[in-house]
Amino acid sequence: MAFNKKEEFGKKEQELADLAKALSHPARIAILKVLAQKNECICGEIVEVLPLAQSTVSQHLKELRNVGLIEGSLDGPRSCYCINWKTFERFEKTFNEFFTKTNANNPACC
């Protein structure tokens, strides 16, 4: 039986992996682009610009919300979403640090 060894890694590695997983679908990238263009967005508006069913868009929104990249609020029957810029900037910094440190050790092999 396979065991999840995720907890064997540091908090930064886990956080980076969770973000990478959340960004690993093109629909989620498209959702973030739509949200970045607006201050707030209604789920229906997102569905109108994506070639996906409303339930599928909702699942992608859930994944982005789980890692904290977006925030949502209920406004009657509508769900409004926006980018959580504080979390977005923290993830950007974490990714940049990862790539900078990794590139610093690049001996230009292969």
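In case you missed it, the structure is sitting above this.
Small disclaimer: the values here were computed from a predicted structure and weren't measured. (Residues numbered from 1 in each chain as written. Predicted model: local features only at pLDDT ≥ 70, side-chain atom pairs only at ≥ 80, totals over all residues. Heavy atoms only, no water.)

### Thoughts on the nonpolar core
A general trend in soluble globular proteins is that nonpolar side chains are found buried together.
Thought 1: Counting 18 residues, the largest nonpolar core has Ile 31, Leu 35, Ile 46, Val 57, Leu 61, Leu 69 and Ile 70 as its most contacted members.
Thought 2: Listed by contribution, the elements that provide at least two residues to this core are helix H1 (11–22), helix H2 (26–37), helix H3 (43–49), helix H4 (54–66) and strand E3 (78–83).
Thought 3: Tallying contributions element by element places H2 first for this core, with four residues. (Core = buried A, V, L, I, M, F, W, Y, C linked by side-chain atoms within 4.5 Å. Buried < 20%, exposed > 50% of the residue type's maximum accessible area, 1.4 Å probe, protein only. Helix = DSSP H or I, 4+ residues; strand = E, 2+ residues; numbered from the N terminus.)

### Notes on the state of the cysteines
Thought 1: Per the stated rule, a full pass over the model turns up zero disulfides.
Thought 2: Unpaired in terms of disulfides, Cys 82 finds its nearest cysteine sulfur in Cys 80, a separation of 9.0 Å.
Thought 3: The buried category is assigned to Cys 82, whose relative accessible area is 18%. (Disulfide = S-S within 2.5 Å.)

### Some remarks on the packing of aromatic side chains
Thought 1: Evaluated as defined, the whole model comprises three aromatic pairs.
Thought 2: Consider the rings of Trp 85 and Phe 88, whose centres lie 5.2 Å apart with planes at 70 degrees: the pair is edge-to-face. Taken together, the residues Trp 85 and Phe 88, both in helix H5 (residues 85–104) and three residues apart, mark about one turn of the helix.
Thought 3: Overall, Phe 88 belongs to the partly exposed group, its relative accessible area being 28%.
Thought 4: Judged by centre distance (5.2 Å) and plane angle (65 degrees), the rings of Phe 98 and Phe 99 are edge-to-face.
Thought 5: Overall, Phe 98 belongs to the partly exposed group, its relative accessible area being 39%.
Thought 6: One aromatic cluster is present, built from ring pairs that chain together Phe 95, Phe 98 and Phe 99.
Thought 7: Over the ring of Phe 91 we find Arg 90, and its NZ or CZ is 5.0 Å from the ring centre. (Phe/Tyr/Trp six-rings, centres within 6.5 Å; stacked < 30°, edge-to-face > 60°. Lys NZ or Arg CZ within 6 Å of the ring centre and 35° of its normal.)

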